Amino acid sequence: MIKFQYDRAADVTDAVRQIAADPEARFIAGGTNLIDLMKYQVERPPRLIDISRLPLTSVEETPGGGLRIGALVPNTDLAYHPLVEQRYPILSSAIMSGASQQLRNMASTGGNLVQRTRCFYFYDVTMACNKRQPGSGCAAIKGINRINAILGTSESCIATHPSDMCVALAVLDAKVHVTGLSGSREIAVVDFHRLPGDTPQIDNNLRRDEIITAIELPAQGFAANHSYLKIRDRLSYAFALVSVAAALELESGRIKTGRLALGGVAHKPWRSVEAEAALRGQAAGPETFARAAEIVLRDAKGFGHNDFKIDLARRAIVRTLTQAANATPQSQADKRIR
Amino acid sequence: MSDVSRSAAMAAPATINVTLEVNGRSCTLTIAPWTTLLDALRDRLGLTGTKKGCDQGQCGACTVLVDGRRINSCLTLAVMKDGAKVTTIEGLETDGTLHPLQQAFIDHDAFQCGYCTPGQICSAAGLIAEGKAKTPDQIRELMSGNICRCGAYPNILAAIQQAMTAMGGKS
């Protein structure tokens, strides 16, 4: 483990002041990703600012019928919150599909958003990685890239964002509330994470002086017709090879609103507005779902070991949309895929 | 690292006082901020029941209860838990009587080498306190953070079910 200075933030304003004054410091909340990365010496912050005691742990209803979730609500508490289970079951399901109960008890909502990729080459400091060391190259592109991205990749990075929670937040059109030196702003979850381009070292659009304070869910929760299907190399406690979040609003068998996002395939939760447009007004059936899958994956590109992900994603999209339409969401305990 | 932050890190006090209530006893430790809760328990308090397996949050051998919730002590800085109540495998028995989970693990031979066992038992104590697992599938899923390389999973499941019944679903 590296050595570092440790400080606590007294409140949000103090946290922002401290992080702005020290460009190499990092916030720590749950620590489940950062401490791991520090042990591997992938992250070497000279100073940690502990934000875990800030009063950002409430879940409150908003005047518009949505929910405002404090950034420090543990993942478990969020997944088990009665209002989330009732109104946004796809979010509960996605959270419960990720990590282990011990990690979910520690991990915070805000920290889940800013967790880093699990690309093997990012974690191995002896390998080239543009995300870890800009300009050093990408060892994954010609390496063992089974877990890597098939959508939105660049010549400098094929890493994926590992979160399950964020895939559900993307279909729910959640917003991220952040506070920085110049005040507070909102960022749509779909605009929060970035594609790698030629700056893969920048995971998201959070500024250096900003702290995530809350996640806001709009009123529409797709509680009737939704599913989160996660495909991985073992049945639990593994990152997604491909995951799909599907949410439908149906009206006499036709799709009024369809939402679709994928995890494990890109540098960000992958939402396809074009595929969603192709769902709108159509019969909720296999032909419609297959067409949507074709649109999502039209520009998909494999890198050898991960070529299988394209077909896997196509089938997973159709399966998850079918589960959503039939109101038979994937169970995260019973592993049979129906 | 910039010169400014390098000098800040070097000027930092090397140790911090942390008070923990471990298995019902208050302990004040003077530790470096980079000490994990796992290392504080094992190396400073001599509570070696909690095991260091992967040290990366992937195996669950280091599972302890902090304020009643199961967590990975290897990914927790002890300084961040100042004031918390920690329960380790050593704290589960009462006056020489084994905790129902400890007894159930013996009854069902729910281990081979035993290295993962303290983590399995602390995790199961957390699981029972959560009250979410009712079916075998649910128990398996919510225990997936504890790896057993010997593969004693069927016996671990049976032991947890026995303890759950014995405890009436409560911790």
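Residues numbered from 1 in each chain as written. Chains lettered and ligands numbered in written order. Predicted model: local features only at pLDDT ≥ 70, side-chain atom pairs only at ≥ 80, totals over all residues. Heavy atoms only, no water.

Draft legend 1. Structural context of the pairing of strand β7 (residues 183-188) of chain A. All names here are of chain A. Bridging between strand β6 (residues 175-180) and β7 involves 6 bridges; their strand directions are antiparallel. Across the sheet, Gly180 pairs through a bridge with Gly183, a residue of β7. Between the end of β6 and the start of β7, which pair antiparallel, lie 2 residues. (Pairing = 2+ DSSP bridges. Helix = DSSP H or I, 4+ residues; strand = E, 2+ residues; numbered from the N terminus.)

Draft legend 2. Looking closely at the pattern of salt bridges. All names here are of chain A. Per the stated rule, a full pass over the model turns up 31 salt bridges over all chains. A salt bridge links Lys256 to Glu249, with the nearest nitrogen and oxygen atoms 3.7 Å apart. Look at Glu249 and you get partly exposed, because its relative accessible area is 26%. Connected through shared salt-bridge partners, Arg26, Glu43, Arg116, Lys131 and Asp203 make up one network. (Salt bridge = Lys/Arg side-chain N within 4 Å of Asp/Glu carboxyl O. Buried < 20%, exposed > 50% of the residue type's maximum accessible area, 1.4 Å probe, protein only.)

Draft legend 3. Structural context of the interface of chain B and chain A. Taken together, the 40 residues of chain B in the interface contact 44 residues of chain A. Between chain B and chain A, a total of about 3,300 Å² is buried, with carbon and sulfur atoms accounting for 54% of that surface. Per-residue buried area on chain B facing chain A is highest for B:Trp34, B:Leu75 and B:Met80; these three make up 22% of the total on that side. Along the contact surface separating chain B from chain A lie 3 salt bridges. A salt bridge links A:Lys335 to B:Glu141; the shortest N-O distance between them is 2.7 Å. On inspection of chain B and its partner chain A, the count reaches 17 residue pairs in polar contact (both at pLDDT 80 or more). Broken down by secondary-structure element, the contributors of at least two residues to the side of chain B that touches chain A are α1 (3-11), β4 (69-72), α4 (117-130) and α5 (136-142) of chain B. (Contact = heavy atoms within 4.5 Å. Buried area = accessible area lost by both parts, 1.4 Å probe. Polar contact = N/O pair within 3.5 Å; in protein donor to acceptor, adjacent residues only side chain to side chain.)

Draft legend 4. Representation of the sheet that holds strand β2 (residues 26-28) of chain A within the structure. Residues and elements named next belong to chain A. Ordered by their spatial adjacency, 3 strands build an open sheet running β1-β3-β2, and the pairing between neighbours is parallel. Every other strand in the sheet has two partners, leaving β1 (5-8) and β2 as the edge strands with one partner each. Neighbour to neighbour, the strand axes of the sheet diverge by 30 degrees on average, direction disregarded. In this structure, β1 lies alongside strand β3 (residues 47-50), joined through 4 bridges in parallel fashion. Looking at β3, one finds that Tyr6 is bridged to Leu48. (Axes fitted to C-alpha atoms, helices over the stretch in contact; angles between N-to-C directions.)

Draft legend 5. Representation of helix α3 (residues 100-107) of chain B. Residues and elements named next belong to chain B. Buried residues of α3: Leu101, Gln102, Ala104 and Phe105, and no others. The buried residues of α3 occupy an angular sector of 165 degrees when the element is viewed end-on, so they sit on one face. At its buried positions, α3 is contacted by α4 and α6 (153-166). Asp109 occupies a position one or two residues after α3 and carries a positive phi of about 50 degrees. (Arc of directions from axis to C-beta.)

Draft legend 6. Layout of helix α1 (residues 12-21) of chain A. Residues and elements named next belong to chain A. Where α1 is concerned, the buried positions are Val12, Asp14, Ala15, Val16, Gln18 and Ile19. Buried residues along α1 sit in contact with β1, β2, β3, β6 and β8 (211-217). For α1, the side-chain oxygen to backbone nitrogen distance between the N-cap and Thr13 is 3.3 Å, and the N-cap itself is Asp11.

Draft legend 7. Summary view of the packing of helix α12 (residues 286-297) of chain A against helix α13 (residues 308-325) of chain A. Residues and elements named next belong to chain A. Where α12 meets α13, the closest approach of the two axes is 9 Å, and the angle between their N-to-C directions is 140 degrees. The pairing of α12 with α13 is recorded here as oblique in orientation. Relative to α13, the crossing made by α12 is right-handed. Taken together, the residues of α13 that come into contact with α12 (itself represented by Phe289, Ala290, Ala292, Ala293, Glu294, Val296 and Leu297) are Ile310, Ala313, Arg314, Ile317, Val318, Leu321, Thr322 and Ala325. Here the contact of α12 with α13 is built from residues that sort into 12 nonpolar, 1 polar and 2 charged. (Parallel < 35°, antiparallel > 145°, perpendicular 65-115°, else oblique. Left-handed = near helix turned anticlockwise from the far one by under 90°. Nonpolar A, V, L, I, M, F, W, Y, C, P; charged D, E, K, R; others polar.)

Draft legend 8. Molecular detail of the sheet that holds strand β3 (residues 63-66) of chain B. All names here are of chain B. Taken together, the 5 strands give an open sheet; going across it, the order is β2-β1-β5-β3-β4, and neighbouring strands pair in mixed fashion. Two strands close off the open sheet at either side, each with one partner strand: β2 (25-31) and β4. With strand direction ignored, the average angle separating the axes of adjacent strands in the sheet is 40 degrees. In terms of strand pairing, β3 meets β4 through 4 bridges, oriented antiparallel. Following the sheet pairing, Val64 is matched in β4 by Ile71. Helix α2 (residues 37-44) contacts β1 (16-22), β2, β3, β4 and β5 (85-87) of the sheet and is inclined by roughly 105 degrees relative to β2. The strands that α4 touches are β3, β4 and β5; relative to β3, the one it contacts most, it runs at about 40 degrees.

Draft legend 9. Layout of the pairing of β3(B). Of the two faces of β3(B), both are covered, the one formed by B:Thr63 and B:Leu65 as well as the one formed by B:Val64 and B:Val66. Here β3(B) hands over to β4(B) after 2 residues, with B:Asp67 in that stretch at a positive phi of 50 degrees.

Draft legend 10. Molecular detail of the environment of A:Leu103. As for its position among the elements, A:Leu103 is in helix α6 (residues 101-106). The spacing of A:Leu103 and A:Arg53 is 50 residues in sequence and 18 Å in space, taken between C-alpha atoms. Discounting chain neighbours no more than four positions away, the residues touching A:Leu103 are A:Thr32, A:Tyr237, B:Gly57, B:Asn72 and B:Leu75.

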